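Architecture at a glance
Chain by chain, the residues run as shown.
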Amino acid sequence: STTEGDSESESESVARTIRTKVRQYLSIKLSLSLLTGGLVWFVLMLFGVPMAAMFGVLTVVLNFIPSVGSIVATLLPMPFILLNPDLSGGVVLAILLITGAIQMVIGNILEPKLLGDSLELHPITILVTLVFWGMLWGVPGMFLATPLTAVVCILMNAYAPTRPFAQVLSGRRFVSE
């Protein structure tokens, strides 16, 4: 029947949208995480910090956790930096400021610009769902929070009764409206 064919094409369209959005998210997130990790590795290597490559790799992985990951990635090498007798206080401060600036610029300027439109999720939604998925599934939930929330938003947007909730998640509509 026609309605069955229509609903199949509608569900195929929703599935295609989900695949496209998740693929875009992963591609952009991986590219930005690799850039961040590479820059952090380079800075740490320049200053002679032990295990700079490992901290670069950890930065790539931790950048998949919104907000919290970049803070942890910046602080992880600090014991190695602070306990290094060859590094003066000024150099320690410079390393912290440079790696923090890398995280800030990429995570707070570049990433929202590139990811914001593609996922159609409000930044507050991402933070709240990071806490929710993190409480539900721990660290794996934090890694999956953004793509899972994007999928939920796409599904809610596809159906009229739940569309207002999708608009709230995307920031296009406020709860009080």
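These remarks concern the structure in this document. (Residues numbered from 1 in each chain as written. Predicted model: local features only at pLDDT ≥ 70, side-chain atom pairs only at ≥ 80, totals over all residues. Heavy atoms only, no water.)

**Some details on the overall build of the protein chain**
In terms of helices and strands, the protein chain carries eight helices and zero strands. Across the protein chain, helices and strands are ordered from the amino to the carboxyl terminus as α-α-α-α-α-α-α-α. Taken over C-alpha atoms, the radius of gyration comes to 20 Å for the protein chain, far larger than the 16 Å a tight globule of 177 residues would show. Considered along the principal axes of its C-alpha atoms, the protein chain spans approximately 75 × 35 × 30 Å. Among the 177 residues that make up the protein chain, the fraction classed as buried is 36%. Taking the intrachain contacts of the protein chain between residues at least 6 apart in sequence as the baseline, contacts between residues at least 24 apart amount to 64%. Accessible surface, the protein chain: about 10200 Å² in total, of which carbon and sulfur atoms supply 73%. Between the averaged position of the 9 positive side-chain charges in the protein chain and that of its 10 negative side-chain charges there is a distance of 4 Å. (Helix = DSSP H or I, 4+ residues; strand = E, 2+ residues; numbered from the N terminus. Rg over C-alpha atoms; globule rule 2.2 N^0.38 Å. Buried < 20%, exposed > 50% of the residue type's maximum accessible area, 1.4 Å probe, protein only. Contact = heavy atoms within 4.5 Å. Areas by Shrake-Rupley, 256 points an atom, 1.4 Å probe, with all protein chains shown as cover. Lys, Arg positive; Asp, Glu negative; His and termini not counted. Charge placed at Lys NZ, Arg CZ, Asp CG, Glu CD.)

**Comments concerning unusual backbone geometry**
Backbone geometry at Met51 places phi at a positive 60°, although glycine is not the residue there. Following the sequence through the fold, Met51 ends up in the loop between α1 (2-46) and α2 (52-62).

**Remarks on the packing of helix α6 (residues 123-137) against helix α7 (residues 139-157)**
For the pair α6 and α7, interaxial distance at closest approach is 7 Å and the crossing angle is 135°. What the angle tells us is that α6 and α7 run oblique. The chirality of how α6 crosses α7 is right-handed. Taking contact as the criterion, the partners of Thr125, Ile126, Thr129, Leu130, Trp133, Gly134 and Trp137 in α6 are, on α7, Val139, Pro140, Gly141, Met142, Leu144, Ala145, Thr146, Leu148 and Thr149. Partitioning the contact of α6 with α7 into residue classes produces 10 nonpolar, six polar and no charged. (Axes fitted to C-alpha atoms, helices over the stretch in contact; angles between N-to-C directions. Parallel < 35°, antiparallel > 145°, perpendicular 65-115°, else oblique. Left-handed = near helix turned anticlockwise from the far one by under 90°. Nonpolar A, V, L, I, M, F, W, Y, C, P; charged D, E, K, R; others polar.)

**Let's talk about the packing of aromatic side chains**
Tallied over the entire structure, the rule returns four aromatic pairs. Taken together, a centroid distance of 6.4 Å and an interplanar angle of 55° make the contact between Trp41 and Phe42 tilted. The exposure class of Trp41 is partly exposed, given its relative accessible area of 34%. Taking 5.1 Å as the distance between ring centres and 40° as the angle between the ring planes, the aromatic pair formed by Trp133 and Trp137 counts as tilted. One end of the pair, Trp133, and the other, Trp137, are both in helix α6, four residues apart, so they sit about a helical turn from each other. With relative accessibility at 13%, the residue Trp133 sits in the buried group. Ring pairing ties together the aromatic residues Phe132, Trp133 and Trp137, which thus form one cluster. (Phe/Tyr/Trp six-rings, centres within 6.5 Å; stacked < 30°, edge-to-face > 60°.)

Coordinates in, geometry out; function isn't part of it.
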